[in-house]
Amino acid sequence: MSPAIIESSTTVDVLRINGERLMQMMADVAAIGSLPNGGVRRLAFSPEDVVARKLVRSWMESAGMAVTIDAAGNMIGLYQGRFPHAPALATGSHLDTVPNAGIYDGTYGVIAGVEVARTLHEQGIRPDHPIEVIVFADEERTMIGSKAMAGKANLDPNFYEHPHYEPIEMGVRAIGGNWDQLPTAQRASLAAFVELHVEQGPVLEAAGNPMGLVTGIVGQRRYLIDIDGSASHAGTTPMTMRQDALVAASQVVLAVNRIGEKTGDGYGDQVATVGAMKLSPNVANTIPGRVEMTLDMRDLSNARLDAMLADLEQQMADIADATGTKISIKPQLRNEPVPVNSHIYNAISQVCERLNLPTQALPSRASHDAQIIANITDMGMIFVPSQGGISHSETEYTSPEHCIQGANILLHTLLKLDQHYRCSETVGDAKANVKVS
Ligand SMILES: [Zn+2]
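Read on for a plain summary of the structure. All values derive from a computational prediction rather than experimental measurement.

Definitions and cut-offs
- Residues numbered from 1 in each chain as written.
- Predicted model: local features only at pLDDT ≥ 70, side-chain atom pairs only at ≥ 80, totals over all residues.
- Heavy atoms only, no water.
- Axes fitted to C-alpha atoms, helices over the stretch in contact; angles between N-to-C directions.
- Helix = DSSP H or I, 4+ residues; strand = E, 2+ residues; numbered from the N terminus.
- Parallel < 35°, antiparallel > 145°, perpendicular 65-115°, else oblique.
- Left-handed = near helix turned anticlockwise from the far one by under 90°.
- Contact = heavy atoms within 4.5 Å.
- Nonpolar A, V, L, I, M, F, W, Y, C, P; charged D, E, K, R; others polar.
- Disulfide = S-S within 2.5 Å.
- Buried < 20%, exposed > 50% of the residue type's maximum accessible area, 1.4 Å probe, protein only.
- 1 Å grid on protein atoms, 1.4 Å probe; cavity = no way out; pocket = protein on both sides within 12 Å on 5 of 7 lines; lining within 4 Å.
- Points joined across faces, edges and corners; volume = space filled by probe spheres on them.
- Domains from an automatic or database assignment.
- Donors = N, O, S within 2.8 Å, 3.2 Å for Na, K, Ca; no water.
- Expected span 1.5 Å × (residues − 1).
- Polar contact = N/O pair within 3.5 Å; in protein donor to acceptor, adjacent residues only side chain to side chain.
- Pairing = 2+ DSSP bridges.

## With respect to the packing of helix H3 (residues 47-62) against helix H4 (residues 107-123)
- As a packed pair, H3 and H4 sit with axes 9 Å apart at the nearest point and diverge in direction by 20 degrees. The orientation of H3 with respect to H4, classified from their angle, is roughly parallel. Helix-helix and strand crossings are classified by hand; for H3 and H4 the assignment is left-handed. Each of Val56, Trp59, Met60 and Ser62 in H3 lies in contact with H4, whose residues at this interface are Val110, Ile111, Val114, Arg118 and His121.
- Taken together, the residues of the contact of H3 with H4 sort by class into six nonpolar, two polar and one charged.

Rendered as structure tokens:
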């Protein structure tokens, strides 16, 4: 039978992370690869990435964590639980950045996880489950770390080839991994994974800075739209005799925007964008004969994404008729929506209520390691507000107050989940990770 689980509510309820230490760690990591305008450049596998990992490793060790690096280069700090063979409750994010990054994206989730472990260690609190803080390898370009952990990585190194980057095997080796052993990075059992991240969008700030309860990570579909008209003389072709591909394209752009703005009937969270357009011949005195453009649509619901596409196809048929052009659309990319686990969502929500922090539910429209890890375990995400909604920019900013609040939510969420996923005393018992619903 499971041992009696009693949350020592008085001590645990008042438990808080050390905010000063959290922000000092953030500043120390921000100094590695720092840019003149307050941002940071810490590309995956670069010398800066390696140095940042070493520093974080030293903090993990000072929190009593055993640190290992798997074949994909994921650095895993393990804070042992009362039941060492129970599946771990994991958190974490990434330390690598885009070329001109802010200091919060990814790093914040890692540092908050480390601070949670340091707090538990300092207070002598030993949860039932082991707690892991994971620094995923290369989130920004390939997501190789989380993909390998989920058993979803393409094992062919040429798949990741890029003219501006070194071969991925060398990169993975630079951070302590081993490409030849990549499949060994796959994890069979984690009890749950919770990622804390800055929102990277303006929704929470616009709502008065509540904490973000992530409802899921949106699915993304990308298409190429081709419009064929007729290139002819801009002076001699009468207006009534034209097949102007750009005039048709302009109407498609507006149709896409209307679909993105649609509300009611479950609509409201979807986005739809034409981000790139190529026209030919692209000269001043010729009617555009051909336009190629992209379409990007994102939403939490596949059914809604299907409906958005059907709606657009209908409108494109009408536009083609009216403009005498031919319009075709073909899929380029499809990422499935990833819902969060409802127990984890509820745990985060209840923790926020207990900590007196207002919340707002919202989908994540950016990719995160959490969506990949959701393939192998229950997943949840917490967002903290981003000032101005700005991210992947040196001006990215989240206030210390919100950073500290987010880390406290993470701490109490992990402790709450420690009770939710019961450990059995019998190691290897099928009941070792029984969920209490
Ligand atoms: Zn990130």
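## Topic: the state of the cysteines
- Counted according to the given criterion, the structure contains zero disulfides.
- Cysteine 352 forms no disulfide, and the closest cysteine sulfur to it belongs to cysteine 403, at a distance of 15 Å.
- Of the residues examined, cysteine 403 reaches a relative accessible area of 0% and is grouped as buried.

## Some points on the layout of surface pockets
- In this structure, the largest pocket spans a volume of roughly 850 Å³.
- As for the largest pocket, its lining consists of 32 residues, and the residues nearest its centre are Arg141, Met143, Lys147, Asn335 and Ser367.
- Elements represented by at least two residues in the lining of the largest pocket include exactly strand S7 (219-228), strand S11 (326-335) and helix H11 (369-373).
- Of the residues that constitute the lining of the largest pocket, the class distribution is nine nonpolar, 13 polar and 10 charged.
- Each of domain 1 (9-217 + 337-435) and domain 2 (219-335) gives at least three residues to the lining of the largest pocket.
- The volume enclosed by the second largest pocket comes to roughly 300 Å³.
- In terms of lining, the second largest pocket is formed by 16 residues, of which the most central are Glu199, Gly201, Val203, Pro363 and Arg365.
- In terms of residues, the lining of the second largest pocket owes the most to one element, strand S13 (residues 359-364), which gives five residues.
- Of the residues belonging to the lining of the second largest pocket, the class tally is eight nonpolar, four polar and four charged.

## Quick look at the packing of helix H2 (residues 19-30) against H4
- Relative to each other, H2 and H4 sit at 140 degrees, their axes nearing to 10 Å. In terms of orientation, H2 and H4 fall into the oblique class. Considering only the axes of H2 and H4, their crossing is right-handed. Contacts from Arg21, Leu22, Met25, Met26 and Val29 in H2 reach Thr107, Tyr108, Ile111, Ala112, Val114, Glu115, Arg118, Thr119 and Glu122 in H4.

## As for the coordination of the zinc ion
- Only His94 (NE2), Asp105 (OD) and His197 (NE2) from the protein coordinate the zinc ion, and they sit 2.0 to 2.2 Å from it.
- Counting residues between consecutive donors of the zinc ion along the chain gives the motif H-x10-D-x91-H. Highlighted residues: histidine 94 in strand S3 (residues 88-94) and aspartate 105 in the loop between S3 and H4, separated in sequence by 11 residues. Here histidine 94 matches aspartate 105 in class, with each residue buried.

## Points about H2
- For H2, with 12 residues, the first-to-last C-alpha span of 16 Å sits near the 16 Å given by 1.5 Å per residue.
- Three or more residues of H2 are buried, namely Gly19, Arg21, Leu22, Met25, Met26, Val29 and Ala30.
- On its buried side, H2 packs onto H3, H4 and helix H12 (400-420).
- The opening residue of H2, the one whose side-chain oxygen lies 3.2 Å from the backbone nitrogen of glutamate 20, is asparagine 18.

## Some remarks on the pairing of strand S2 (residues 75-79)
- Burial analysis of S2 places four of its five residues in the buried class, which makes it a mostly covered element.
- Bridge analysis of strand S1 (residues 66-69) against S2 gives four bridges, and the strand direction is antiparallel. When the bridges of S2 are listed, valine 67 appears paired with glycine 77.
- Where S2 meets strand S4 (residues 131-136), five bridges bridge the pair, whose relative direction is antiparallel. Bridged to glycine 77 within S4 is valine 133.

This is a description of form; function is not addressed.
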